[in-house]
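Spelled out from the first residue to the last, the chains are:
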Amino acid sequence: DTGVSQNPRHKITKRGQNVTFRCDPISEHNRLYWYRQTLGQGPEFLTYFQNEAQLEKSRLLSDRFSAERPKGSFSTLEIQRTEQGDSAMYLCASSLAVTVPYGYTFGSGTRLTVV
Amino acid sequence: DAKTTQPPSMDCAEGRAANLPCNHSTISGNEYVYWYRQIHSQGPQYIIHGLKNNETNEMASLIITEDRKSSTLILPHATLRDTAVYYCIVRVHSGNTGKLIFGQGTTLQVKP
């Protein structure tokens, strides 16, 4: 197992375009988390899944954001009608429910730049 | 989850011990102290956690004061690869979402 994989690593998009990121968690992990990190700040929680169920969404997750985890495996995070304020690093993490919060494994993130 | 306070930055000489402080004066009895670090261009990495006893693993040691209002993460022999942002997080151990609330952390610069 190579850990949590995120693709793409970098994405540059024009304002108003839609973007989708993918996260492949560690295979036996049933929890999957999305965080957003802007320059100089710590990561901020966006949402999490237990298996395929999305159980919590942050107020940061506006209606332009949607996340899915079909079949409880990989997850996608889509941002519609991107804005310059969406520019950030989007981090995915996975864990077993029984080992949170020390059993987190983070991916290396997708850096989004909206121009 | 209790709030934590960390210095924004620290320097350490390579090979010396790095001592990173964290204040958490409002910590509750069932809250643990967790440390994560984030090396540039990577996601955060778990380091260590503890409740009230001092803890040690292959990466670091965690010293928690008797009143639990503060703690110190110790990297015994810092290397250049330990240059990173270190986050101190206080929260309950389990039974809920497991989400982490990060502050701004301490940027540790290890110098040759």
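Predicted model only: the values in this text are computed from it and were never measured.

**Brief notes about the overall build of chain A**
Point 1. Of regular secondary structure, chain A possesses 0 helices and 11 strands.
Point 2. In chain A, the succession of α and β elements from N to C terminus is β-β-β-β-β-β-β-β-β-β-β.
Point 3. Here the C-alpha atoms of chain A give a radius of gyration of 13 Å, agreeing with the 13 Å that 2.2 N^0.38 yields for 115 residues.
Point 4. Counting over 115 residues, chain A shows a buried share of 48%.
Point 5. Residue pairs in contact within chain A that sit at least 24 positions apart in sequence constitute 54% of those at least 6 positions apart.

**Observations regarding the packing of aromatic side chains**
The geometry of an aromatic ring pair is captured by two quantities: the separation of the ring centres and the angle between the planes.
Point 1. All chains considered together, the criterion is met by 17 aromatic pairs over all chains.
Point 2. With a centroid separation of 5.3 Å and an interplanar angle of 40°, the aromatic rings of F21 of chain A and Y90 of chain A are classed as tilted. One end of the pair, F21 of chain A, is in strand β3 (residues 19–24); the other, Y90 of chain A, is in strand β9 (residues 88–95), with 69 residues separating them in the sequence.
Point 3. Seen in terms of ring centroids, Y87 of chain B and F102 of chain B are 5.0 Å apart; in terms of plane orientation they differ by 80°. Their pairing is edge-to-face. In this pair, Y87 of chain B is assigned in strand β8 (residues 84–92) and F102 of chain B in the loop between β8 and β9 (106–111), connecting sequence segments 15 residues apart.
Point 4. Look at F102 of chain B and you get buried, because its relative accessible area is 10%.
Point 5. Against the face of F74 of chain A rests R22 of chain A, its NZ or CZ located 3.9 Å from the ring centre.

**What about the nonpolar core?**
Point 1. Ranked by size, the top nonpolar core spans 21 residues in total, and within it L20, W35, L73, L75, Y86 and L108 of chain B carry the most contacts.
Point 2. Breaking this core down by element, the ones donating at least two residues are β2 (18–23), β3 (31–38), β4 (45–50), β6 (61–64), β7 (70–75), β8 and β9 of chain B.
Point 3. For this core, the element with the highest residue contribution is β8 of chain B, accounting for 4 residues.
Point 4. Leaving out residues up to four positions away in the same chain, L75 of chain B has contacts with R16, A17, A18, L20, M59, A60, D82, Y86 and L108 of chain B.
Point 5. Judged by nonpolar contacts, the second largest core, of 19 residues, contains V4, F21, L32 and L112 of chain A.

Criteria and thresholds
Residues numbered from 1 in each chain as written. Chains lettered and ligands numbered in written order. Predicted model: local features only at pLDDT ≥ 70, side-chain atom pairs only at ≥ 80, totals over all residues. Heavy atoms only, no water. Helix = DSSP H or I, 4+ residues; strand = E, 2+ residues; numbered from the N terminus. Rg over C-alpha atoms; globule rule 2.2 N^0.38 Å. Buried < 20%, exposed > 50% of the residue type's maximum accessible area, 1.4 Å probe, protein only. Contact = heavy atoms within 4.5 Å. Phe/Tyr/Trp six-rings, centres within 6.5 Å; stacked < 30°, edge-to-face > 60°. Lys NZ or Arg CZ within 6 Å of the ring centre and 35° of its normal. Core = buried A, V, L, I, M, F, W, Y, C linked by side-chain atoms within 4.5 Å.

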